[in-house]
Amino acid sequence: MTAQPVDAEAEIHRLSAPMPTTDGRVPGERGRQTRQRLLKATVELLTTTSWRSVKVTDIARRARTSPATFYQYFGNVEQAIRVLAEGMVDQATELSELVGGDWSEAASWETALAITEGFLSYWEDNRAVFRVVDLATEEGDDQLRGIRVRALNAVTVALAQVITEASSGSGEEPGMYAASPAGSDPMAVAGTLVAMFASVSAHRSGFEFWGIRTHNLIDTQARLLHWSVTGRPALT
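First things first, this report covers the structure right here in the doc. (Residues numbered from 1 in each chain as written. Predicted model: local features only at pLDDT ≥ 70, side-chain atom pairs only at ≥ 80, totals over all residues. Heavy atoms only, no water.)

### Digging into the packing of helix α6 (residues 108-125) against helix α7 (residues 127-138)
Across the interface, α6 lies against α7 with an axial gap of 5 Å and an inter-helix angle of 75 degrees. By the angle class used here, α6 and α7 are roughly perpendicular. Contacts between α6 and α7 involve Tyr122, Trp123, Glu124 and Asp125 from the first element and Arg127, Phe130 and Asp134 from the second. Of the residues in the contact of α6 with α7, the class split is 3 nonpolar, no polar and 4 charged. (Axes fitted to C-alpha atoms, helices over the stretch in contact; angles between N-to-C directions. Helix = DSSP H or I, 4+ residues; strand = E, 2+ residues; numbered from the N terminus. Parallel < 35°, antiparallel > 145°, perpendicular 65-115°, else oblique. Contact = heavy atoms within 4.5 Å. Nonpolar A, V, L, I, M, F, W, Y, C, P; charged D, E, K, R; others polar.)

In structure tokens, the structure reads:
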């Protein structure tokens with residue numbers, strides 16, 4: 001099993017699907033394309049510019065349109081960022097489906113590897129938005145913090161369910177619960193693993209700078225995930 005990287009262009013296109021403008025109208029195809037360009041321009045600017053410094057005029061210029069057109073779709077820059085952040089929640093739901101893959105002895109390593117690669121791809125495709133969300137969260141933006149929690153919680157809950165299913169009924173007596181070797185609380189184990197994925201993904205460039213290759217980071221995380229879920233060493 002191999003992870004399918006998230007198509008950032010396709011995701012922005014999904015976010016440009018029919019949605020009322022600020023005056024309540026539903027845009028046609030041309031309007032959706034304009035909205036898509038505005039979202040894409042916002043992501044591009046967030047990649048290179050402090051989010052507090054991004055202006056409506058910057059986004060409009062990069063999208064080859066006018067500030068007035070921007071305001072037809074978004075009330076301000078923060079609203080455009082929130083739309084992009086909400087997209088991360090939907091992508092996380094797709095990632096959580098990967099977590100529910102085949103954990104049988106023959107396929108468990110490939111599943112663990114696919115999840116690890118998938119999370120890294122998910123983070124990389126949303127790196128600019130995650131950076132803004134994290135900074136805004138530190139500044140006390142409850143709305144963006146809530147979006148971040150929902151995004152990572154989707155993966156955490158799915159992983160906790162997998163851990164519970166793998167652990168339940170594996171004791172000496174039928175139906176007896178045997179905890180994951182990583183801990184007795186599936187949500188605590190899952191939350192710790194997701195926090196590990198997020199932290200490693202966020203600092204991947206730093207690891208590379210210190211000579212730690214990405215493929216080794218993936219291998220290590222996948223082994224920890226595999227052991228936490230199955231209690232078995234990875235057979236590679």
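Following the structure, the description resumes.
### Considerations on the pattern of salt bridges
The full count for this structure, using the stated rule, is 10 salt bridges. In this structure, Asp142 and Arg145 form a salt bridge, with 2.1 Å as the shortest nitrogen-oxygen distance. With Asp142 and Arg145 both in helix α8 (residues 142-167), this residue pair falls 3 residues apart, about one helical turn. In this structure Arg145 comes out as partly exposed when scored by relative accessible area, which is 35%. A cluster of three or more residues bridged by salt bridges with shared partners is formed by Glu124, Arg127 and Arg204. (Salt bridge = Lys/Arg side-chain N within 4 Å of Asp/Glu carboxyl O. Buried < 20%, exposed > 50% of the residue type's maximum accessible area, 1.4 Å probe, protein only.)

### A look at the packing of helix α2 (residues 29-48) against α7
At a closest axis distance of 8 Å, the pairing of α2 and α7 adopts a crossing angle of 65 degrees. In terms of their interaxial angle, α2 and α7 are classed as roughly perpendicular. The crossing of α2 and α7 is left-handed. For the pair α2 and α7, contact is made by Val43, Leu46 and Thr47 and by Ala128, Arg131 and Val132, respectively. Of the residues belonging to the contact of α2 with α7, the class tally is 4 nonpolar, 1 polar and 1 charged. (Left-handed = near helix turned anticlockwise from the far one by under 90°.)

### Things to note about the environment of Leu144
Its location among the elements puts Leu144 in helix α8. Distance in space between the C-alpha atoms of Leu144 and Glu78 is 9.8 Å, their sequence separation being 66 residues. Residues within four places of Leu144 in sequence aside, it is in contact with Arg82, Ala85, Val133, Ala136 and Thr137.

### Section: the side chain of Thr69
Within the secondary structure layout, Thr69 lies in helix α4 (residues 67-73). Here Thr65 takes part through its side chain, which lies 3.2 Å from a polar atom of the side chain of Thr69. Those residues in contact with Thr69 that lie beyond four places of it in its chain are Thr34 and Leu38. (Polar contact = N/O pair within 3.5 Å; in protein donor to acceptor, adjacent residues only side chain to side chain.)

### Some remarks on the packing of aromatic side chains
Between two aromatic rings, the relevant description is the distance of the centres plus the angle of the planes. On inspection of all chains with the given rule, the structure shows 8 aromatic pairs. Between the aromatic rings of Phe209 and Trp210, the centroid separation amounts to 5.4 Å while the plane-to-plane angle is 85 degrees, which identifies the pairing as edge-to-face. Neither Phe209 nor Trp210 differs from the other in exposure class; each is exposed. An aromatic cluster is present here, built from Phe119, Tyr122, Trp123, Phe130 and Phe197 joined pairwise through their rings. Here Arg223 stacks its cationic end above the ring of Trp109, 5.4 Å away from the centre of that ring. (Phe/Tyr/Trp six-rings, centres within 6.5 Å; stacked < 30°, edge-to-face > 60°. Lys NZ or Arg CZ within 6 Å of the ring centre and 35° of its normal.)

### Re unusual backbone geometry
Not every positive phi belongs to a glycine, and Arg64 is a case in point at roughly 60 degrees. Overall, the relative accessible area of 66% leaves Arg64 in the exposed class.

### With respect to the nonpolar core
Ile59, Phe74, Phe119, Leu159 and Leu225 are the most contacted members of the largest nonpolar core, which has 57 residues in total. If you tally residues by element for this core, the top one is helix α5 (residues 77-99), at 11 residues. Grouped together as the second largest cluster of nonpolar side chains are 6 residues, Leu113, Leu120, Ile218 and Ala222 included. (Core = buried A, V, L, I, M, F, W, Y, C linked by side-chain atoms within 4.5 Å.)

### Looking at a nonpolar patch on the surface
Together, Phe209, Trp210 and Ile212 make up an exposed nonpolar region whose accessible area comes to about 430 Å². With respect to the helices and strands, the residue Trp210 is situated in the loop between α10 (204-209) and α11 (214-230). With a relative accessible area of 70%, Trp210 lands in the exposed category. (Patch = residues over 30% accessible without salt bridge, like charges linked within 9 Å, V, L, I, M, F, W, Y side chains within 5 Å. Areas by Shrake-Rupley, 256 points an atom, 1.4 Å probe, with all protein chains shown as cover.)

Just distances and angles here, no functional claims.
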